[in-house]
Structures are given as C-alpha cells and as structure tokens.
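Structural overview for review
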Amino acid sequence: MSLNLLQAWQGAKARLEAAGLSGPVIDARLLVEAAADATRADIVGDPYRALTPEQAARLEDYLGRRERREPVSHILGRKGFWKIMLSVNSDVLTPRPDTETLVEWVLRDFPEQAAWSVLDLGVGSGAILLSILSERPAARGLGVDVSEEALAVARDNAASLGLAGRVALLRGDWTTGLGDDSFDLVVSNPPYIATHVIETLEPEVRDHEPRLALEGGPDGLAHYRVLAAEILRVLRPGGRFAVEIGYDQKAPVEALFRQAGAGGVQTLKDLGERDRVVAGVKNPLET
C-alpha cells in the first residue's frame, strides 16, 4: 500500500517522538517535504497525494539517520538563517536562530547604502557575513576561517546567493596579516564551549559538528582573549563590533573588550532572554 503525505508526516512524527527527539513535529515535516519533493502547502492542501516508492525509500533513509541523531540540517544539506538559505555539512557549524540576534543588531544602525567593509572572523558557512551583505547592497566583506573545508562551504553559499563579487574568503588565523584600521564592522561567532563541557552536549552537536568550531579552551574564553585586542586593532576609529558569547560569559567577555579599549560595550539577549552577543565600538577619538 502506498503512503500518502498525511500518513507519511504522521508516521514520521510518531517515530521521532518514540526516539525521544525534541522538535519531532517540525523535523518530521521538513524530512517529509524533502523526501517527497513537497511543500508545507502540499501537506495541508493535498494530504492524500501518494509518495512514489523512491520517495518513500528516501523518507525511510532520512528517518533512520535522524533517529541516529544526525542533525536535520546535515540530512538535507541546508539550513535557513535570517532571510537566506545556506548549504551546510559536517565541516561547518549549523547556524542557529540565536545568532540572528547579532545580525539584527548589526543592521540596526547600518545605513542601507553604506559602502562599509565587514570582517567576519571564523566565517564558517558564511551565515553572518552573507546575511549582512544580502541586506546591504553597497557593503563588501572578508571572511576568515582556519578551515579550508569551511571556506569551501562559504564560497558555495556566496555564489548561490549572488554575493561572490562582494565577498573575499581567506584561510587564516583570526586577524593575522590584516592591516590596522581596516574595517568598519567586525563580527565573530568564535568557538566558546569549554573543553570539558563538549562531551555533555547533545549528540547532534557533539558527534556531528566540527570540534574546531566549538572548543574554546578550558574555560571557553581562550579565543576572546586573543580577539578583543585584535578586533579593536583592525577596526577603524568609530567602527563597531559584535561577537557571540555563551549564555554565562557576559561579564568576562565584556571585561576583555573594555580592557582592550572598547567603548559602549553592551550585551544583547537572544529570543530566549539569554545573554548572547557582546557589542561595542572603537573609540573614534583614539589615534
């Protein structure tokens, strides 16, 4: 007997619930849509449409992988972030809604036609940088990452979004080799999870995300100790910065940026009301 869209969705939901997965309703819908080449509107408006044997087999494969805790973003090879769709794989961190807090703050006082230069340190899939550039047509960006594999993903995403002409991607160690006073805006989502915490994370993160993009040293702050002074070095006077932090890292990260000479240092909360982004400016009076 062939499966229809409604049966496929209900069955997928039941399987993922039985496997103890969080968010089974959304995961089931996304996997059914992808397997059956369907949209959300199809499931509602044409629920009795039959899946072909190939589509049913693909759904079976997807559900088995999800039950083994592979992230939906890796199964589908894509993830929506801000207003763009990104290709993702196991070489990059899957972008999370919490990080949109950073993009939202950056865009707030960024004039639409400003020809700003933007630096993204640890660019990964390109989520932050490409979201900003997609909204600000006169801006240009540089993304730096230590991982050649991550840069390949960012390059594909820039090309598919039509942004390749405004983005340069560079393999490097944070700001090494970049000139002083070079950028109007610097953004970063550095690895900030303490080494001993990584083994306690959900299997989707612990087993499928690149360790390089997660690990922040014994206390999770290793990269901020380097980045605070370096971000201020490469920022133009009056330039702005925003970095993502762990929910419990507000005080030490704010202190590092103040010690480095940043002004207007503040912490922004994400939609879950957790501290998520430390932002500020390079004092325009400094030479």
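The structure under discussion appears in the preceding block.
These notes cover the structure that comes with them. (Residues numbered from 1 in each chain as written. Predicted model: local features only at pLDDT ≥ 70, side-chain atom pairs only at ≥ 80, totals over all residues. Heavy atoms only, no water.)

**Side note on the overall build of the protein chain**
Rules: Secondary structure elements follow DSSP: runs of H or I no shorter than four residues count as helices, runs of E no shorter than two count as strands, and numbering proceeds from the N terminus. Within these notes, the globule rule equals 2.2 Å times the number of residues to the 0.38 power, and the radius of gyration is based on C-alpha atoms. We call two residues in contact whenever any of their non-hydrogen atoms come within 4.5 Å of each other.
When its secondary structure is counted, the protein chain shows 11 helices and nine strands. Expected size for 287 residues packed as a compact globule is a radius of gyration near 19 Å; at 21 Å, the protein chain falls within 12% of this value. Taken along its principal axes, the extent of the C-alpha atoms in the protein chain is 75 × 40 × 35 Å. Long-range pairs, those at least 24 residues apart, make up 67% of the contacts in the protein chain with a sequence separation of at least 6.

**Comments concerning the pattern of salt bridges**
Applicable threshold: Every case where a carboxyl oxygen of Asp or Glu lies within 4 Å of a side-chain nitrogen of Lys or Arg is listed as a salt bridge.
Following the criterion strictly, the structure yields 26 salt bridges and no others. Across the salt bridge formed by Asp207 and Arg206, the nearest N and O atoms sit 3.1 Å from each other.

**Brief notes about the environment of Arg236**
The criterion, for reference: Each residue is placed in one exposure class: buried if its accessible area under a 1.4 Å probe, protein chains only, is under 20% of its type's maximum, exposed if it is over 50%, and partly exposed if it falls in between.
Note that Arg236 resides in strand S7 (residues 235–244). Of the residues examined, Arg236 reaches a relative accessible area of 34% and is grouped as partly exposed. When the C-alpha atoms of Arg236 and Arg108 are compared, they prove to be 19 Å apart, with 128 residues separating the residues in sequence. When near neighbours in sequence (up to four residues on either side) are disregarded, Arg236 contacts Ser117, Asp181, Ser182, Phe183, Asp184 and Lys282.

**Examining helix H4 (residues 53–67)**
As a reminder of what qualifies: Expected span of a helix: the number of residues minus one, times 1.5 Å.
Taking 1.5 Å per residue, 15 residues should reach 21 Å; H4 reaches 21 Å between its end C-alpha atoms and fits that length. Every buried residue of H4 is listed here: Gln55, Leu59, Tyr62, Leu63, Gly64 and Arg66. Looking at the buried side of H4, the elements it contacts are helix H1 (5–18), helix H2 (24–35), helix H5 (72–76) and helix H9 (203–206). Positive phi shows up at Arg69, right after H4, with a value of about 75 degrees.

**Concerning the environment of Gly280**
With respect to the helices and strands, the residue Gly280 is situated in strand S9 (residues 275–282). The buried category is assigned to Gly280, whose relative accessible area is 2%. Separated by 66 residues in the primary sequence, Gly280 and Leu214 have C-alpha atoms spaced 24 Å apart. Residues within four places of Gly280 in sequence aside, it is in contact with Trp105, Gly239, Arg240, Phe241, Gly263, Gly264 and Val265.

**Description of helix H8 (residues 148–160)**
Inclusion rule: As used here, the arc belongs to the directions running from the helix axis to the C-beta atoms. Under the rule applied, a polar contact is a pair of N or O atoms within 3.5 Å (in protein, one hydrogen donor and one hydrogen acceptor; residues adjacent in sequence only if both atoms are side-chain atoms).
Taking 1.5 Å of rise per residue, the 13 residues of H8 would be expected to cover 18 Å, and the 19 Å separating its terminal C-alpha atoms lies within 8% of that figure. For H8, the set of buried residues is Ala150, Leu151, Val153, Ala154, Asn157 and Ala158. When H8 is viewed along its axis, its buried side chains cluster within an angular range of 155 degrees and face the same direction. Turned more than 90 degrees away from the buried face of H8 sit Asp156 and Ser160, all of them exposed. Tucked into the core, H8 has its buried residues touching strand S2 (84–87), helix H7 (127–135), strand S4 (140–145) and strand S5 (167–171). The residue sitting at the N-terminus of H8 and contributing the capping side-chain oxygen is Ser147; that oxygen lies 3.3 Å from the backbone nitrogen of Glu149. Immediately beyond the C-terminal end of H8, within one or two residues, lies Gly162, with a positive phi of roughly 75 degrees.

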